Structures are given as C-alpha cells and as structure tokens.
Amino acid sequence: MPDPKESDVILRVEHMTKKFPLSGGRTLTACDDVSLRVRKGETVAIVGESGCGKTTLLKTIMNMQPPTSGRILLHEKDITNLTGEARRENCRHIQMVFQDPTSAFNPKMRIRDIVCEPLLNFGLLKRKDMAAKARELLAQVDLPADFAERYPHNMSGGQRQRVAVARALALEPEIIACDEATSALDVSVQDTIIRLLVRLQREKGITYLFICHDLALVSLFSHRIAVMYLGSIMEKLDGDRLEEARHPYTQALLKAVFSTDQEKNQKISILAGDIPSPLDIPSGCPFRNRCEHCRDMCEKKKPALRELAPNHSIACHYPLEIVTK
Ligand SMILES: Nc1ncnc2c1ncn2[C@@H]1O[C@H](COP(=O)(O)OP(=O)(O)OP(=O)(O)O)[C@@H](O)[C@H]1O
Ligand SMILES: [Mg+2]
C-alpha cells in the first residue's frame, strides 16, 4: 500500500490519557498516553480485548468527554476541549456509527426522519426537500427508497446498520468512527456492510476509525491497525502486513482464532491469565503478567512505543522475531 504523505494527516491524538475518578479515591486509567495519526481517506482499526479503552479513545476524539491530559487535533486545530457551538460544529466533521443502532434510533421515528435529522438539526435541509434527500441517502447505502417510510423495528439488523451509515453520511463528514459497527451481525452481513464502507471510502474519500475486537477481520480492509491493551497502544502496523506483527500480545490475538482448516487436535492458543484491572495496571509493561517472554526489564520499565520499521511501531522491550503458527 502506498504510504500517504505526512501532509495527508487530518487527525492527531497526542499523548492522550483518560482517567476516571471512582469512589474511595481510586482512579481507573482507561487510556494511557495514547498517540495516533490518521491520514485522509484511510481506515485505521483500533483492536483489543474488551475494556482496553477503545470506546474511551473514540469518545475523547468525538469530544464526548475531555481527556485528563493530551490533545486532539483535527487539521492542526486543537479540538480537545470544545464546548457549545464549536463542539456542535465539530460534529459535522466526525460522525459515529454504533454497534446497536436500535438504541441510537428513536423507535417512533420513520427512517426518512432518522436519516435526515442531522441535516435538519444543522438547518441544512428544508422539510419539503426531505423525501428526496432520504431517497438519495438510502440509495447511497443500497437501500430501496420505500424504506424511508418504515420504522427501525421493521428492518433486519444489517438494514438498520445501513440506515446508521446513511445517517452518518448525511452531513458529509470527513471521518466516520465505527464502534463495533459490525460485531452484532452475522459474517455475510458483516461482509456486505464492510464492502459498502470500502466503496463509500473510494467514492468520497472518507476516513474511518474502525473499532473492533476481531484482528483478522480488520486486516482485510484496514490500512493501519493499532492494537490496544489496558489503555496503551502496544503495536501499530499496516493492515496488510499483519504477519509481520512482533508484539507478543498481537501474535497471541492472531493465534486465538478458530479456523476450519485447523488440525483436529490442534488447540487454539488462548492467552493465559486474566486481563488485569485497569484500576491496578501492572508496573512496567502492562502485558507482562500474561507474556511468556517476560523478563526482569519488563517488570521494571514500561516500554515506549518505538519505530521498528516505517509504519511499524511497537511497545515491547523484546519484540518477537517471527509469527509462529
Ligand atoms: N464513565 C466511566 N467511568 C468509569 N469507568 C469507565 C467509564 N467509561 C469507561 N470506563 C472504564 O474504562 C475502561 C475502558 O472502557 P472502554 O469502554 O473504553 O473499553 P472498550 O475497549 O471499548 O471495551 P468493549 O470492547 O467491551 O467495548 C473499562 O474498564 C471501563 O469500565
Ligand atoms: Mg467499547
């Protein structure tokens, strides 16, 4: 894949940390010094186990909650702590698609009203033009025009997710953030939604932030992958070079998948040990208590994310040499 130029970077997350104060004076660290650069027209996947901080990272980028420290820049403009009208205006550039659109939709609204609502909210659409706009938005996601008159509960999960994409497209955002947008769908519907997203990216140059726990799935269509663990990015690499992953955690994720051509007696390698609580992140490397390659240094010092090769960074003192299958 050609390497987009530095000037193509539209979104930067710089050393973002998000801590949640809890009762009893305790603090939960959901994101710990996360840095990310996102270029125009690319798909950046953020992958990791449940609770590793993926949604927190997105919510901070989306201005839904302020970070504890660090900055978010959109086209070099600091959007970290926008409020009021500036925050509302920023929503035009970054839209979101959630795992379960049903909970995001008002069940009493017709699909026509749901997809046009963002435009009406911004005063960009007259009521008399709604029917035509709804048809146009539905056509973009390959839904027939008569779906405009339906209610969300009269559709399948995959169709509802298309409506969510149509609604996200309405304001013609530069970035669409998808939080587990296909996780609740069966594989064939996941495939059609992903093909749709890829087509829209080609046609409109949209940038995607795609949150998912399925590393193999995102490698099929993501330009870059950031692997998160306990609030930290452990490895960043190109989506089509996943076989070059060298972090023990990334490799463990790669091995922890079912396959139909698996030998009958071949066990699926599952990560040993429980994921530590984000209330009690281990000293040194956050992954060390589950890493079979852990050494003294890993207990003492948190590894910084460092560049191993162009577009390949890793936070590990002792990167592995090869992927062992
Ligand atoms: N508002 C909050 N107050 C306290 N803790 C929070 C809050 N939001 C998130 N957390 C905690 O922060 C950590 C990261 O949560 P987050 O939702 O970002 O994880 P995730 O990677 O999106 O997980 P999943 O894959 O299950 O959606 C979790 O331990 C979660 O309980
Ligand atoms: Mg989440």
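Residues numbered from 1 in each chain as written. Chains lettered and ligands numbered in written order. Predicted model: local features only at pLDDT ≥ 70, side-chain atom pairs only at ≥ 80, totals over all residues. Heavy atoms only, no water.

## Focus: helix α7 (residues 187-204)
Put simply, the test is: Secondary structure follows DSSP: runs of H or I at least 4 residues long count as helices, runs of E at least 2 residues long count as strands, and numbering of each begins at the N terminus. For a helix, the expected span equals 1.5 Å multiplied by the number of residues minus one. Each residue gets one of three labels from its accessible area relative to the maximum for its type: buried under 20%, exposed over 50%, partly exposed in between, using a 1.4 Å probe on protein chains only. Taking the helix axis as origin, the arc is that swept by the directions to the C-beta atoms. Throughout, a residue-residue contact means that at least one pair of heavy atoms, one from each residue, lies within 4.5 Å.
Given a rise of 1.5 Å per residue, 18 residues ought to cover 26 Å, and the 25 Å separating the end C-alpha atoms of α7 matches this to within 8%. Taken as a whole, α7 has its buried residues at Q190, I193, I194, L196, L197, L200 and Q201. Seen along its axis, α7 keeps its buried residues to an arc of 155°; they face one direction. Residues V187, R195, R202 and E203 are exposed on α7 and point more than 90 degrees away from its buried face. Contacts made by the buried residues of α7 are with β3 (43-47), α5 (130-140), α6 (157-169), β7 (175-179), β8 (207-212) and α8 (215-219). At the C-terminal side of α7, G205 shows a positive phi close to 70°.

## Overview of the sheet that holds strand β9 (residues 224-229)
The condition is simple: Note on pairing: two strands pair once DSSP finds at least 2 bridges between them. Here, axes are lines fitted to C-alpha atoms. For helices the fit covers the stretch in contact, and angles between N-to-C directions go from 0 to 180 degrees.
If you trace the eight strands from one edge of the open sheet to the other, you get β6-β7-β8-β3-β9-β10-β12-β11, paired in mixed fashion. The sheet is open, and its two edges are formed by β6 (94-97) and β11 (306-309), each paired on a single side. Across the sheet, the mean angle separating the axes of adjacent strands is 20° when strand polarity is ignored. Across the sheet, α6 lies against β6 and β7, angled at about 170° from β6, the strand it touches most. Sheet strands in contact with helix α9 (residues 248-255) are β9 and β10 (232-238), and its direction is about 100° off that of β9.

## Thoughts on the side chain of R224
Condition: In the analysis that follows, any N or O atom pair within 3.5 Å is treated as a polar contact, provided that within protein one partner can donate a hydrogen and the other can accept it, and provided that, for residues neighboring in sequence, both atoms belong to side chains.
Examined against the element boundaries, R224 turns out to sit in strand β9. At 3.3 Å, the side chain of R224 forms a polar contact with the side chain of N311.

## Let's talk about the nonpolar core
For soluble globular proteins, nonpolar side chains are generally found buried alongside one another. So the rule is basically this: Definition used in this section: a nonpolar core is a set of buried Ala, Val, Leu, Ile, Met, Phe, Trp, Tyr and Cys residues joined via side-chain atoms within 4.5 Å. Segment limits for the domains were obtained from an automatic or database-derived domain assignment.
Formed by 62 residues in total, the largest nonpolar core has its most connected members in V115, V218 and I225. Tallying contributions element by element places α6 first for this core, with six residues. Taken domain by domain, this core gets at least three of its residues from each of domain 1 (7-93 + 173-314) and domain 2 (103-172). Excluding residues within four positions of it along the chain, V218 makes contact with A45, V47, F210, C212 and I225. The next biggest cluster of nonpolar side chains, apart from the first, holds 28 residues, and it includes L57, I61, L82 and I94.

## Some thoughts on the site of ligand 1
This is how it is decided: In this text, near means that some heavy atom of the residue lies within 4 Å of the molecule or strand in question. Under the convention used here, a 1.4 Å probe and the Shrake-Rupley method define accessible areas, while residue burial counts only the protein chains that appear. Note on residue classes: Ala, Val, Leu, Ile, Met, Phe, Trp, Tyr, Cys and Pro are nonpolar, Asp, Glu, Lys and Arg are charged, and everything else, Gly too, is polar.
Taken together, 14 residues lie around ligand 1, and S50, G51, K54, T55 and T56 are the ones closest in. In this structure, S50 approaches ligand 1 through a side-chain N or O atom, which is 2.5 Å from an oxygen atom. Within the backbone of G53, one N or O atom sits 3.0 Å away from an oxygen atom of ligand 1. If ligand 1 stood free it would expose 640 Å²; the protein chains cover 63% of that surface. Of all the secondary-structure elements, those providing two or more residues to the shell around ligand 1 are β2 (27-39) and α1 (54-61). At three residues, the largest contribution of residues to the shell around ligand 1 is made by α1. Partitioned by chemical class, the residues of the shell around ligand 1 number six nonpolar, five polar and three charged.

## Quick look at the domain arrangement of the protein
Rules: Summed over both partners, the accessible area (1.4 Å probe) lost when two parts come together is defined as the buried area. We define a salt bridge as a contact between a side-chain nitrogen of Lys or Arg and a carboxyl oxygen of Asp or Glu at a distance within 4 Å.
Along its sequence, the protein is carved into domain 1 (7-93 + 173-314) and domain 2 (103-172). On a C-alpha basis, the centres of domain 1 and domain 2 stand 29 Å from each other. Counting residues at the interface gives 18 residues for domain 1 and 15 residues for domain 2. The junction of domain 1 with domain 2 conceals about 1400 Å² of combined surface from both sides, 65% of it contributed by carbon and sulfur atoms. Counting across the interface, domain 1 meets domain 2 through one salt bridge. The partner of D142 in a salt bridge is R199, with the nearest N and O atoms 3.2 Å apart. The interface formed by domain 1 and domain 2 contains four residue pairs in polar contact (both at pLDDT 80 or more). Put simply, the parts of the chain that give the side of domain 1 that touches domain 2 at least two residues each are α2 (84-90) and α7.

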